[in-house]
Amino acid sequence: MPSEIERKFLVDRVPGTGGAVSTAISQGYLTRGGDSEVRIRRTPEGSTLTVKHGGGLERAEYETALSEEQCAALWPATEGARLTKVRTEVPLEDGRTAYLDTYEGALAGLRTVEVEFGSTAEAAAFEPPDWFGTDVTGRSEFKNRSLCLRSTPPTEEPTA
């Protein structure tokens, strides 16, 4: 089963990203119930349909490419559950890549960063750089499937 192991953090300050690759992303969610989500991601390079299941640090992830026609047919079903962001790939000193997301629209001002790992042990041992802020890995209000429904960015304080 394909899986994704990642940690997500708020961003205290944006590092120098000279030469880093940035990509505009639009995401729309078809379902967001329980521990599962189905989303469409549109980038200049193409579109994908992704199914994720589970919560926390590790979850199952299945992804497939969509043709322009398939994406156009499904995209209207995401109305009311979309977000836009610019993702910048920032190389880290340990050889990993940090995915810095700068949100737009209603979420303007929110910046998060994600790092993917090969194992939960690697994720647990990870020492974040000083520009990373609060670890929000397990916080549902910072998951994109929750963010797409918000009219303002969430606060750093945990919700009750």
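Novice: What's the story with the overall build of the chain in this structure? I'm lost.
Specialist: A tally of regular secondary structure across the chain gives three helices and nine strands. Starting at the N terminus and ending at the C terminus, the chain contains elements arranged as β-β-β-β-β-α-β-β-β-α-β-α. Its C-alpha radius of gyration of 15 Å places the chain within 12% of the 15 Å reference for a compact globule of 160 residues. Projected onto its principal axes, the C-alpha positions of the chain cover 45 × 40 × 35 Å. Expressed as a percentage of the 160 residues in the chain, the buried residues total 40%.

Novice: I'm lost on the pattern of salt bridges in this one. Help?
Specialist: Side chains that carry opposite charge are capable of pairing whenever their charged atoms lie near each other. Going through the model one piece at a time under the given rule, you end up with 16 salt bridges. For E37, the salt bridge identified is with R145, shortest N-O distance 3.8 Å. Of this pair, E37 sits in strand β3 (residues 36-43) while R145 sits in helix α3 (residues 144-147), and the two are 108 residues apart along the sequence. The class of E37 is buried, set by a relative accessible area of 3%. A single network of salt bridges, built from pairs that share partners, joins E4, E37, K52, R59, E61 and R145.

Novice: Just to check I follow, could you spell out the nonpolar core for this structure?
Specialist: Among the nonpolar cores identified, the biggest contains 14 residues, and A98, V113, V115, F126, W131 and F132 are the most heavily contacted of them. Of all the secondary structure elements, the ones that give two or more residues to this core are β1 (3-11), β7 (97-103) and β8 (111-116). Leave out the neighbours within four places in its chain, and A98 touches T88, E89, V90, L92, V113, E114, V115, W131 and F132. Counting residues in each nonpolar core, the second largest holds 11 residues, with Y29, A81, L110 and V136 among its members.

Basis of the calculations
- Residues numbered from 1 in each chain as written.
- Predicted model: local features only at pLDDT ≥ 70, side-chain atom pairs only at ≥ 80, totals over all residues.
- Heavy atoms only, no water.
- Helix = DSSP H or I, 4+ residues; strand = E, 2+ residues; numbered from the N terminus.
- Rg over C-alpha atoms; globule rule 2.2 N^0.38 Å.
- Buried < 20%, exposed > 50% of the residue type's maximum accessible area, 1.4 Å probe, protein only.
- Salt bridge = Lys/Arg side-chain N within 4 Å of Asp/Glu carboxyl O.
- Core = buried A, V, L, I, M, F, W, Y, C linked by side-chain atoms within 4.5 Å.
- Contact = heavy atoms within 4.5 Å.

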